[in-house]
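# Breakdown of the fold
This is what each chain is made of:
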Amino acid sequence: MMDDAQIVELPTVLDLNAAAPLRDRLLARRGTPLALDASRVERIGGQCLQVLLAARNAWQCDGAGFSIDRPSDGFLNALRQMGFAGDLTPATETTR
Amino acid sequence: MDMNEIREIFFQECEEQLAELETGLLALNDGDTDPETVNAVFRAVHSIKGGAGAFALDDLVAFAHVFETTLDKVRSGQLEPTHDVLKVMLKSADVLADLTNAARHGDQIDQDRSASLVADLEALARGEGVSSGEKPAEAEPEFTPVPVMLDEPQSADFAPVPFSFDDFDDEDTAAASGFVVTFRPRAELYGKGNDAYLLLRDVAKLGAAKIACDSSDLPDLAQMDPEGAYLSWTIEVTGLADEAPIQRVFEFAEWDCDLTIVPSGDVSAVQPAEEIVLMAPIETPAPVKAPTPVITPAKPAASVEDSGMVPVPFDLSAFDNLTVADTIAPQPVAAPVAATTAASAPVAPVISIAEAAAKRGVDPDAADRRQGGDRRAAETVAPTIRVDLDRVDRLINLVGELVINQAMLAQSVNESAAGTSAINMGLEELQQLTREIQDSVMAIRAQPVKPVFQRMSRIVREIADMTGKSVRLVTEGENTEVDKTVIDKLAEPLTHMIRNAVDHGLETPEKRLAAGKPEEGTLRLAAKHRSGRIVIEIADDGAGINRERVRKKAIENGLISADANLSDEEIDNLIFHAGFSTADKISDISGRGVGMDVVKRSIQQLGGRISIVSKPGEGSVFTMSLPLTLAVLDGMVVSVANQTLVVPLTAIVETLQPEASKIHRFGAEQRLISIRDTFCPLVDVGRVLSFRREQADPVHGVAVLVETEGGGQRALMVDAIQGQRQVVIKSLEANYDHVPGIAAATILGDGRVALILDVDAVVAGSRGDQARPELSLAAVG
């Protein structure tokens, strides 16, 4: 986890309805290092995954830190089903 | 309901789907650009495939799958439905029909034809062989960027993407047991409460699955629509012999996503470019590592994909009563053979979705059609049931008996003079009711001629192919209804006539061009109701009948004498003569010159007539006129030489009592009657039918003026008119073969049998003319 990063806690359910608020929340923090806390996530769908992937790309473009921390089992499972590991980035600190 | 019944329902529905398929393809061929038409076509094939999968009809599934894949290209706008493309598709529809029949009845199928069409379809799906040259960019096999992914240290980082090159190498060996699914959800999929995650999860449950995501279309965070759809997936499922379970997973989502399922050995068909791109999540520039060059080739044809999306109308309000949680798991467990499905999602929501949609008149999903008649009934505005034809026939037969019985009762009451006014009124009401029952029962059997006409379009395609002619079939009045028996018996003579029209009627493209006509010949097949009969016309815009040749041939064959003076109409009618053929060489197509006389006979057996009008250089029109039903007939009961006969009312113009002054002799035998300043030949029915040898005196009889098929009028001489009534037709064919001059028989109220007159045959027989051969021929044959 990055020390100076803003910690954003991801909601329990990241479904269709959560996609727009999530994007807005993340966009609002553009330019600052970001650590997403995925410990409470129970469910994540394709559209929130899109938002996270786009955010990851954006943060990487900016050269700012971006991480997903403490991913829950639900989060990890869902991402695995969608072809991703628990971290969207190649961040080394993510454990499985 | 046992398995055989379900299977039979499936085949019945196949027939409907095949009809829909053909209608749609023909509409597209005629320039219909409505996306819903393409969707309907696609759905038809898809439904057949799905059902066939459930019954393990592998040949059918395999062919339908290839067909569907190509149709999907059309649906997604990647393949332009040009005439060439549609030609292949129409032929494929024919093969699909053959395969369905083969599966249903165990018929043999032409494997070569099927195989060659599979090749054609696959070529089209790959973007080859399309004359328009509109080849989708992603059809190019761009494997070039892939080697980057082999980069060793990276693949350690990319643990989540279990797609390696070894997989590609092993594809051939894995072919038997695996499928590669490409899945690109559209925004609508999410919008309906479904989620890519759920579908992927369920696919993964089916077997060992390797799932890879392509995020190359992902826009910038600021620009993206959070409720859009930018990701696509490739799933390689192994350990699965049959793709049906995969289809079932996507059953309720398939209209909202682009989906392909191919055996993994056949991976080249799945747009290789996307296979590579699927590594995209790995490729995004990591801050620690240098970005890999994989990004560059990432999206060769995203715009094609986007523009190719066809909005599928769907009433979202159908989901109003359902919570998102309910709708979120629409795994298609409710398929007819649900037991085989691996999906474990709850059944109830699936049904409620479909029903909610159905209640609003929305076609819930084509897949539901497989679920049997009850579901279908809910889906359409006018509910229908399937009834065994035997039951209907039994009912019709009984109603026929009822009509006879009612007539007998009425007659008994009349004869016994026991009729009080109350009894007579009751009898009249009974008659009215009987009549209504009869009409209603007949209506049950009435069917549109559409299926037969559709069969004809296939015949036209095949004959056109064989003869190298270009033919366009235009059909009119497809919804004209006629008794099922008539429809069933119509197909054969119609097929023959269509073949004849294409083979003999239409000229070769070169000749047509030379004659200043369009290269493509037109064949018009029309049905309409006319005065209680159905009239079917087959018109071609070919060269017309070559009367010189017909005449020469007829003289050669000894059908007419060399100096016979025949009208054009009479010459044209020679082609209906037995053994007459003008084709210089016998072709496979029209047979050995047994054609038109057989056609004529089979139409006569149906109580119908056929005539021809031909104009040199402009084409020929064959007109068939058939009774709407073979069960009842309104007739005038007459007596001739102590026999009771029935003259079909549809033929009668008027009846009159001839005066001696109006009768004129003409030649040795002929007599004419003058009616309102015109002369009309008198036909002595008793003599034509050999009831008596001498001519009857017209003044003592009644003249029944009838209209003949050729349009002229004749006065039939009968002794007396007994009355007018509806009679139940009892065929004579079964026991006596064709009786010249007689169409059928009936049972009268007093229990006696009366013969029903074949007016045209009687008129023709009265001429004693060889060019009008019905009677003489039938008598000889």
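What counts, and where the lines are drawn
Residues numbered from 1 in each chain as written. Chains lettered and ligands numbered in written order. Predicted model: local features only at pLDDT ≥ 70, side-chain atom pairs only at ≥ 80, totals over all residues. Heavy atoms only, no water. Helix = DSSP H or I, 4+ residues; strand = E, 2+ residues; numbered from the N terminus. Buried < 20%, exposed > 50% of the residue type's maximum accessible area, 1.4 Å probe, protein only. Contact = heavy atoms within 4.5 Å. Areas by Shrake-Rupley, 256 points an atom, 1.4 Å probe, with all protein chains shown as cover. Phe/Tyr/Trp six-rings, centres within 6.5 Å; stacked < 30°, edge-to-face > 60°. Lys NZ or Arg CZ within 6 Å of the ring centre and 35° of its normal. Buried area = accessible area lost by both parts, 1.4 Å probe. Salt bridge = Lys/Arg side-chain N within 4 Å of Asp/Glu carboxyl O. Nonpolar A, V, L, I, M, F, W, Y, C, P; charged D, E, K, R; others polar. Pairing = 2+ DSSP bridges. Axes fitted to C-alpha atoms, helices over the stretch in contact; angles between N-to-C directions. Core = buried A, V, L, I, M, F, W, Y, C linked by side-chain atoms within 4.5 Å. Lys, Arg positive; Asp, Glu negative; His and termini not counted. Polar contact = N/O pair within 3.5 Å; in protein donor to acceptor, adjacent residues only side chain to side chain. Expected span 1.5 Å × (residues − 1). Arc of directions from axis to C-beta. 1 Å grid on protein atoms, 1.4 Å probe; cavity = no way out; pocket = protein on both sides within 12 Å on 5 of 7 lines; lining within 4 Å. Points joined across faces, edges and corners; volume = space filled by probe spheres on them. Parallel < 35°, antiparallel > 145°, perpendicular 65-115°, else oblique. Left-handed = near helix turned anticlockwise from the far one by under 90°. pLDDT = per-residue confidence, 0-100.

## Let's talk about the overall build of chain B
The helix and strand inventory of chain B stands at 29 helices and 22 strands. Split into buried and exposed, the 781 residues of chain B put 51% on the buried side. Considering only contacts within chain B whose residues lie at least 6 apart along the sequence, 70% involve residues at least 24 apart. For chain B, the accessible surface area stands at approximately 34,900 Å², while carbon and sulfur atoms represent 52% of it.

## A word on the packing of aromatic side chains
Under the defined criterion, the tally for this structure stands at 6 aromatic pairs over all chains. Residues W59 of chain A and F66 of chain A carry aromatic rings whose centres are separated by 5.9 Å and whose planes lie at 55° to one another, so their mutual orientation is tilted. Pairwise contacts between aromatic rings join F183, W233 and F250 of chain B into one cluster. The ring of F42 of chain B is capped by R75 of chain B, whose NZ or CZ atom sits 3.8 Å from the centre of that ring.

## Notes on the interface of chain A and chain B
It is common to give the size of an interface as the accessible area that goes away when the parts come together. Contact with chain A, which involves 31 residues of that partner, is made by 34 residues of chain B. For the pairing of chain A and chain B, the buried interface totals around 2,800 Å² over both sides, and the portion due to carbon and sulfur atoms is 65%. Joining chain A to chain B, the criterion identifies 1 salt bridge. Notably, a salt bridge pairs D220 of chain B with R30 of chain A, separated by 3.9 Å at the nearest N-O pair. Broken down by element, the residue count for the side of chain A that touches chain B peaks at 13 residues, all from helix 2 (residues 46-62) of chain A. Across the side of chain A that touches chain B, the residue classes break down as 18 nonpolar, 8 polar and 5 charged.

## So, the pattern of salt bridges
Residue and element names in this part refer to chain B. For the structure shown, the criterion picks out 37 salt bridges over all chains. Its salt-bridge partner being R43, residue E36 comes within 2.6 Å of it at the nearest N-O pair. For R43, a relative accessible area of 13% gives the class buried. Through salt bridges that share partners, E22, D94, D98, R113, R458, R461 and E462 make up one connected network.

## A short note on the sheet that holds strand 22 (residues 753-757) of chain B
Residue and element names in this part refer to chain B. Here we have 5 strands laid out as an open sheet, ordered 20-12-13-22-21, and mixed in their pairing. Looking at strand neighbours, the two that pair on one side only are strand 20 (720-728) and strand 21 (742-747), the edges of this open sheet. Neighbour-to-neighbour, the strand axes of the sheet open up by a mean angle of 35°, direction not taken into account. Two strands pair when backbone bridges link them, and strand 12 (residues 632-640) and strand 20 are joined in this way by 8 bridges, in the antiparallel orientation.

## As for helix 28 (residues 759-766) of chain B
What sets the pattern is the α-helix's 3.6 residues per turn: residues three or four places apart point alike. Here helix 28 of chain B lies mainly inside the structure; 6 of its 8 residues are buried. For helix 28 of chain B, the set of buried residues is V759, D760, A761, V762, V763 and A764 of chain B.

## Brief notes about the pairing of strand 3 (residues 34-37) of chain A
All names here are of chain A. Burial along strand 3 is two-sided: the residues L34 and L36 and A35 and D37 are all buried. Examined bridge by bridge, strand 1 (residues 6-9) and strand 3 share 4 bridges and lie parallel to one another. If you follow Q6 over to strand 3, its bridge partner there is L34. Note: strand 3 against strand 5 (residues 66-69), 4 bridges, orientation parallel. Each bridged residue has a counterpart across the sheet, and for A35 the counterpart in strand 5 is S67.

## So, the nonpolar core
Soluble globular proteins: nonpolar side chains tend toward being buried together. Ranked by internal contacts, the top residues of the largest apolar core, which has 62 residues, are L26 and I44 of chain A together with F183 and W233 of chain B. For this core, the element with the most residues is helix 2 of chain A, which contributes 9 residues. Those residues in contact with I44 of chain A, other than ones at most four positions away along the chain, are L14, L49, L52, F75, A78, L79 and M82 of chain A together with Y197 of chain B. In this structure, I463, A464, I498 and I575 of chain B belong to the second largest nonpolar core, which totals 46 residues.

## Some thoughts on the side chain of D214 of chain B
Residues and elements named next belong to chain B. Take D214: it is sitting in strand 2 (residues 208-214). No salt bridge is formed by the buried D214; the nearest opposite charge belongs to R184, separated by 4.5 Å. Within the structure, the side chain of D214 is placed 2.6 Å from the side chain of S216, a separation counted as a polar contact.

## Concerning the environment of A123 of chain B
Locating A123 of chain B in the fold gives a position in helix 5 (residues 111-125). Expressed as a C-alpha distance, the spacing of A123 of chain B and T70 of chain B, which sit 53 residues apart in the sequence, is 8.8 Å.

## Points about the side chain of H65 of chain B
All names here are of chain B. As for its position among the elements, H65 is in helix 3 (residues 58-75). With relative accessibility at 11%, the residue H65 sits in the buried group. Once residues lying within four places of it in the same chain are set aside, the contact partners of H65 are K49, E243, I261 and V262.

## Brief notes about the sheet that holds strand 1 of chain A
Residue and element names in this part refer to chain A. Ordered by their spatial adjacency, 3 strands build an open sheet running 1-3-5, and the pairing between neighbours is parallel. Because the sheet does not close on itself, it has two edges, and the strands there are strand 1 and strand 5. Within this sheet the neighbouring strands show an average axis-to-axis angle of 25°, counted without direction. Set on the sheet, helix 2 makes contact with strand 3 and strand 5; between it and strand 5 the angle comes to about 140°.

## Here we look at helix 1 (residues 16-27) of chain A
Residue and element names in this part refer to chain A. Its 12 residues place the ends of helix 1 18 Å apart at the C-alpha level, agreeing with the 16 Å of an ideal helix rising 1.5 Å per residue. Regarding helix 1, the residues found buried are A18, A19, L22, R23 and L26. Viewed along the axis of helix 1, the buried residues span an arc of 135°, placing them on a single side of the element. Packing partners of the buried residues in helix 1 comprise strand 2 (13-14), strand 3 and helix 2. Capping of helix 1 at its N-terminal end is provided by D15; its side-chain oxygen lies 3.1 Å from the backbone amide nitrogen of N17.

## Considerations on empty space enclosed by the protein
All names here are of chain B. This model, assessed by the stated rule, comprises 12 cavities of 30 Å³ or more. Looking at the second largest cavity, its volume works out to about 160 Å³. Lining the second largest cavity are 14 residues; nearest its centre among them are F42, K49, E68, L259 and T260. Among the elements of the structure, helix 2 (35-54), helix 3 and strand 4 (257-263) are those that each provide at least two residues to the lining of the second largest cavity. In terms of residues, the lining of the second largest cavity owes the most to one element, helix 3, which gives 5 residues. Grouping the constituent residues of the lining of the second largest cavity by class yields 4 nonpolar, 5 polar and 5 charged.

## Digging into the packing of helix 18 (residues 389-416) of chain B against helix 19 (residues 421-445) of chain B
Residue and element names in this part refer to chain B. At a minimum axis distance of 10 Å, the contact between helix 18 and helix 19 shows a crossing angle of 160°. Classified by the angle between their axes, helix 18 and helix 19 sit roughly antiparallel to one another. Of the two elements, helix 18 crosses helix 19, and the hand of that crossing is left-handed. Note on element contacts: helix 19 touches helix 18 through I423, N424, L427, L430, Q431, T434, I437, Q438, V441, M442, I444 and R445, opposite L389, V392, D393, L395, I396, V399, L402, V403, Q406, L409, A410 and V413. Its residues assigned to classes, the contact of helix 18 with helix 19 shows 17 nonpolar, 5 polar and 2 charged.

## Points about the pairing of strand 18 (residues 702-707) of chain B
Residue and element names in this part refer to chain B. Burial analysis of strand 18 places 5 of its 6 residues in the buried class, which makes it a mostly covered element. As paired elements, strand 18 and strand 19 (residues 713-718) share 6 bridges and run antiparallel to each other. From the neighbouring strand, V704 faces strand 19, where its bridge partner is L716.

## Points about the confidence of the model for chain B
Residues and elements named next belong to chain B. Taken residue by residue, chain B gives an average pLDDT of 73. The fraction at 70 or more is 73%. Between residues 267-380, whose pLDDT stays under 50, and residues either more than four places distant or in other chains, the model counts 201 contacts. Contacts for the low-pLDDT stretch residues 769-781, under 50 throughout, to residues beyond four places or in other chains number 25 contacts. Interface predicted TM-score (ipTM) for the complex: 0.88; the corresponding pTM is 0.45.

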